[in-house]
There are 2 protein chains.
Amino acid sequence: MARQWQLTSRPDGMPTAETFALREVDLPDVRDGEIRVRNLWLSVDPYMRGRMNESKSYIAPFPIDGAMEGGAIGEVLESKADGFAKGDLVSHFAGWRDEAVISTKGVHKLPDIGATPQSFLSILGMPGATAYFGLFDVAAAKDDDIVFVSAAAGAVGSAVVQLAKARGMTVIGSAGGAEKCDLIRSLGADEAVDYKAGSILGGLKQAAPKGIDVYFDNVGSDHLDAAFACSRQWARFALCGMIAGYNSREPAQFKYIIRMIASRITMRGFLYGDYVSRLDEFYREMGQLVAAGKVTAQETVFEGLETTPDAFLGLFSGANSGKMLVRV
Amino acid sequence: MARQWQLTSRPDGMPTAETFALREVDLPDVRDGEIRVRNLWLSVDPYMRGRMNESKSYIAPFPIDGAMEGGAIGEVLESKADGFAKGDLVSHFAGWRDEAVISTKGVHKLPDIGATPQSFLSILGMPGATAYFGLFDVAAAKDDDIVFVSAAAGAVGSAVVQLAKARGMTVIGSAGGAEKCDLIRSLGADEAVDYKAGSILGGLKQAAPKGIDVYFDNVGSDHLDAAFACSRQWARFALCGMIAGYNSREPAQFKYIIRMIASRITMRGFLYGDYVSRLDEFYREMGQLVAAGKVTAQETVFEGLETTPDAFLGLFSGANSGKMLVRV
């Protein structure tokens, strides 16, 4: 028997423990082209909240009373698929469970570049690639830019801080609480703004008296509005998530969005999936930075499959520094 | 004696008649490099509201008890400047008055392309160029795009409708009231949404069941939010003004801004001034369309210098179809 987390109902606002149920299921036999995999590490990510709603988005809703999904790292226990052998470590999408039988579409053997398995869910995985392509491609950040990144102690944000500093940019990060602000500074940020200690607008004005050229948004809401207010001419904003709004039905309020015009701001939404065809470039560039110690994986680990919903809910209360992971 | 409109105080919210005073002033003698010009046509534009505030923007605030400025077409009465002779028709920036002595920086003789003088304040002037560069450059509109333009009966919007139709695009325009919606349709729009007859979101969903590829925003606020909600993948939004917010201190509310991410929207603010170096291209392209009758100037005319503040305030109550002009 394998165990998997299932959704019991569609949450209205913040999910609770009752939203999830850990259920035992029989696994089918492995057929041609399939592998059986035992999960070692699971990813929980803010975007998963969107899949709990009924409404269609760029990715289908989770089923009710069916297997949930998400990034995971596992070990192959049995293989009837070319290119995969017992003992291989793979990244795949059958997370939220301990074991699965899956086709190998979208399954990748971990490249042997001297990194830990779980880093392919963090700095060398989706959050790291989101940071890399968002900063350099979507926001077209240049070495002398002043960069503001929100949720800078998070999985994506902590990667943005380190990447921007590795290129010599000036970096301002925001986070909630003194401890996370210390972490941001330890990663190299020039300034850290504690949004729990005062208004983010006031904090950003003080931290960036010359204004900002790039805003990497993980929050939306008042953070995005503060970025509008503090923008310099021709600034670029990259949007990859707005965690402030995921559990809210209230519209976001913007007092300074009109600054987009006079400051000629370009704001662009993007998805990690848009860049999958360029992952080779990412592994090469980010792999070098990681190997050189210029960028390090930031991770918070919950222990045991049972803790997966707690780890997920912790994303919205700020329980994580860096990437939130579950060790199965 | 010349007469000029001056600002008496900085308005809080909507300006009133008391905000403006028509005063007589002595004009200085014309010195070398200067001309004396008698105005024939004055432009009033929504962006002027921003210059009535104290706060710095991309253009300096109007002074209190000093000459206001704005686009104008005049006849040269006296010249001590090379290249300008008595009788020349010129476009310049010393509007809100009947006569002025000015240096010739930023003064242009009207090109002889068979257009009326006032059209260099409308379809061949700032509004027309804003429409042209916003649609083709900022929004990178393609011939098979579905284009939504707000305030489509206004100076910029009516030019966008006609330009987009001249290229064969599908065009949806919004305006307030049945009469303006009829005007939009007469300019070629496929659909017109009357925002006074119901929610703009409901109207846009009905008018654009397949969604939109381009949004040309002149309004902001609920129009922009509706565009987020109805956006197709990889849509481009061009922002050149947000008239809904100019007299308001309330923040704008957005329920659908998060769609920027899943729909990969690119949104960009721009100013007419960014494209002054490309006006030759504009005169050539737009001049041909005007000469061929494919694009026509839409104008509302107030008569007499005394009516200038009324014409300006009329912009915010929707008193104009097309470009609002004052015949001096």
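Residues numbered from 1 in each chain as written. Chains lettered and ligands numbered in written order. Predicted model: local features only at pLDDT ≥ 70, side-chain atom pairs only at ≥ 80, totals over all residues. Heavy atoms only, no water.

Here we come to unusual backbone geometry. Located in the positive-phi region is A151(A), a residue other than glycine, with phi close to 50°. You can see A151(A) is positioned in the loop between β8 (146-149) and α3 (155-166). For S221(B), which is not a glycine, the phi torsion comes out positive at approximately 55°. The exposure class assigned to S221(B) is partly exposed, which follows from its relative accessible area of 28%. (Helix = DSSP H or I, 4+ residues; strand = E, 2+ residues; numbered from the N terminus. Buried < 20%, exposed > 50% of the residue type's maximum accessible area, 1.4 Å probe, protein only.)

With that settled, consider the domain arrangement of chain A. Residues and elements named next belong to chain A. The domain boundaries assigned to chain A delineate domain 1 (2-120 + 298-327) and domain 2 (126-273). On the domain 2 side, the residues contacting the 18 residues of domain 1 number 15 residues. Roughly 1300 Å² is buried in total at the junction of domain 1 and domain 2, and carbon and sulfur atoms are behind 58% of that figure. Taken together, domain 1 and domain 2 are joined by zero salt bridges. Where domain 1 touches domain 2, the interface holds four residue pairs in polar contact (both at pLDDT 80 or more). (Domains from an automatic or database assignment. Contact = heavy atoms within 4.5 Å. Buried area = accessible area lost by both parts, 1.4 Å probe. Salt bridge = Lys/Arg side-chain N within 4 Å of Asp/Glu carboxyl O. Polar contact = N/O pair within 3.5 Å; in protein donor to acceptor, adjacent residues only side chain to side chain.)

Its rotation angle being 179°, the transformation that places chain B on chain A also includes 0.0 Å of axial translation and leaves an RMSD of 0.1 Å. The transformation just described matches what one would write down for a two-fold rotation axis. Residues of chain B ranked by C-alpha distance from the rotation axis are headed by Q253(B), positioned 2.2 Å from it. The residues that chain B uses at the interface reappear at the interface of chain A in 100% of cases, marking a shared surface. (Least-squares fit on C-alpha atoms with pLDDT ≥ 70 in both.)

A few words on helix α8 (residues 279-291) of chain A. Residues spaced three or four apart along an α-helix face the same direction, because each turn holds 3.6 residues. All names here are of chain A. A rise of 1.5 Å per residue sets the reference length of α8, with its 13 residues, at 18 Å; its end C-alpha atoms lie 17 Å apart and thus fit the reference within 8%. Along α8, the positions that sit buried rather than exposed are L279, F282, M286, G287 and L289. End-on, the buried residues of α8 take up no more than an arc of 160°, which puts them together on one face. Exposed side chains of α8 directed beyond 90 degrees from the buried face belong to D280 and A291. Packed against the buried residues of α8 are α2 (126-138) and α3. Downstream of α8 by one or two residues, G293 has phi in the positive range, about 75°. (Expected span 1.5 Å × (residues − 1). Arc of directions from axis to C-beta.)

Our focus in this paragraph is the interface of chain B and chain A. At the interface, 28 residues of chain B touch 28 residues of chain A. In total, about 2500 Å² of surface goes out of reach between chain B and chain A, with carbon and sulfur atoms giving 67% of it. On the chain B side of the interface with chain A, the three residues burying the most area are I257(B), I261(B) and R264(B), jointly 22% of the side's total. Counting across the interface, chain B meets chain A through two salt bridges. On inspection of chain B and its partner chain A, the count reaches nine residue pairs in polar contact (both at pLDDT 80 or more). Contributing elements (two or more residues each) for the side of chain B that touches chain A: β12 (231-239), β13 (252-254), α7 (259-262) and β14 (266-269) of chain B.

Residues and elements named next belong to chain A. One pass over the structure, following the stated rule, counts 42 salt bridges over all chains. In this structure, the salt-bridge partner of R36 is E99, at a minimum N-O distance of 2.7 Å. Of the two residues, R36 is situated in strand β3 (residues 34-43) and E99 in strand β6 (residues 99-103); the sequence distance between them amounts to 63 residues. Given the relative accessible area of 19%, E99 is considered buried. Measuring nitrogen to oxygen at the nearest pair gives 3.1 Å for the salt bridge that ties E69 to R51. Taken together, the residues E69 in the loop between α1 (48-51) and β4 (72-79) and R51 in helix α1 connect sequence positions 18 residues apart.

This paragraph deals with the environment of V160(A). Residue and element names in this part refer to chain A. Relative to the helices and strands, V160 is located in helix α3. In this structure, the C-alpha to C-alpha distance between V160 and G128, residues 32 residues apart in sequence, is 8.0 Å. Residues within four places of V160 in sequence aside, it is in contact with A131, L135, V149 and F216.

Residues and elements named next belong to chain A. With four bridges connecting them, strand β9 (residues 170-175) and strand β10 (residues 191-194) associate as parallel partners. Within the sheet, the bridge partner assigned to I172 lies in β10 and is E191. For the crossover from β9 across helix α4 (residues 178-186) to β10, the handedness is right-handed. (Pairing = 2+ DSSP bridges. Right-handed = clockwise from strand over helix to strand, strands pointing away.)

Here we come to the sheet that holds β12(B). Read from one edge to the other, the open sheet built from twelve strands follows the order β10(A)-β9(A)-β8(A)-β11(A)-β12(A)-β14(A)-β14(B)-β12(B)-β11(B)-β8(B)-β9(B)-β10(B), with strand pairing classed as mixed. Two strands bound the open sheet, and with one partner strand each, they are β10 of chain A together with β10 (191-194) of chain B. The average angle at which neighbouring strand axes cross in this sheet is 15°, direction not considered. Its contacts with the sheet place α2(A) against β8, β11 (212-217), β12 (231-239) and β14 (266-269) of chain A, and it is angled at close to 145° to β11(A). Set on the sheet, helix α4 (residues 178-186) of chain B makes contact with β9 (170-175) and β10 of chain B; between it and β10(B) the angle comes to about 165°. (Axes fitted to C-alpha atoms, helices over the stretch in contact; angles between N-to-C directions.)

With respect to the helices and strands, the residue R264(B) is situated in the loop between α7 and β14. Take R264(B): its relative accessible area is 15%, and that puts it in the buried class. Engagement of the side chain of R264(B) in a polar contact is seen with the backbone oxygen of A262(B), the distance being 3.4 Å. Each residue touching R264(B), except ones within four places of it in the same chain, is listed here: G269(A), F270(A), L271(A), D274(A), Q233(B), W234(B), A235(B) and R259(B).

Residues and elements named next belong to chain A. Put simply, helix α5 (residues 200-207) and helix α6 (residues 221-230) touch, their axes get as near as 9 Å, and they point 40° apart. Of the possible angle classes, the one that applies to α5 and α6 is oblique. α5 and α6 meet at a crossing whose hand is right-handed. Residues I200, L201, L204 and K205 of α5 form the contact with α6, whose participating residues are D222, H223, A226, A227, A229 and C230. When the residues that make up the contact of α5 with α6 are grouped by side-chain class, the tally is seven nonpolar, one polar and two charged. (Parallel < 35°, antiparallel > 145°, perpendicular 65-115°, else oblique. Left-handed = near helix turned anticlockwise from the far one by under 90°. Nonpolar A, V, L, I, M, F, W, Y, C, P; charged D, E, K, R; others polar.)

Applying the stated criterion across every chain yields a total of 35 aromatic pairs over all chains. Look at F133(A) and Y275(A): their rings are 4.7 Å apart centre to centre, the planes differ by 10°, and that puts the pair in the stacked class. Of the two residues, F133(A) is situated in helix α2 and Y275(A) in the loop between β14 and α8; the sequence distance between them amounts to 142 residues. Exposure class is identical for F133(A) and Y275(A). Each is buried. Members of the aromatic cluster, each reached through a chain of ring pairs, are F148(A), Y215(A), F228(A), F237(A), F254(A), F148(B), Y215(B), F228(B), F237(B) and F254(B). Cation over ring: R167(A) sits above F136(A), and NZ or CZ is 4.1 Å from the ring centre. (Phe/Tyr/Trp six-rings, centres within 6.5 Å; stacked < 30°, edge-to-face > 60°. Lys NZ or Arg CZ within 6 Å of the ring centre and 35° of its normal.)

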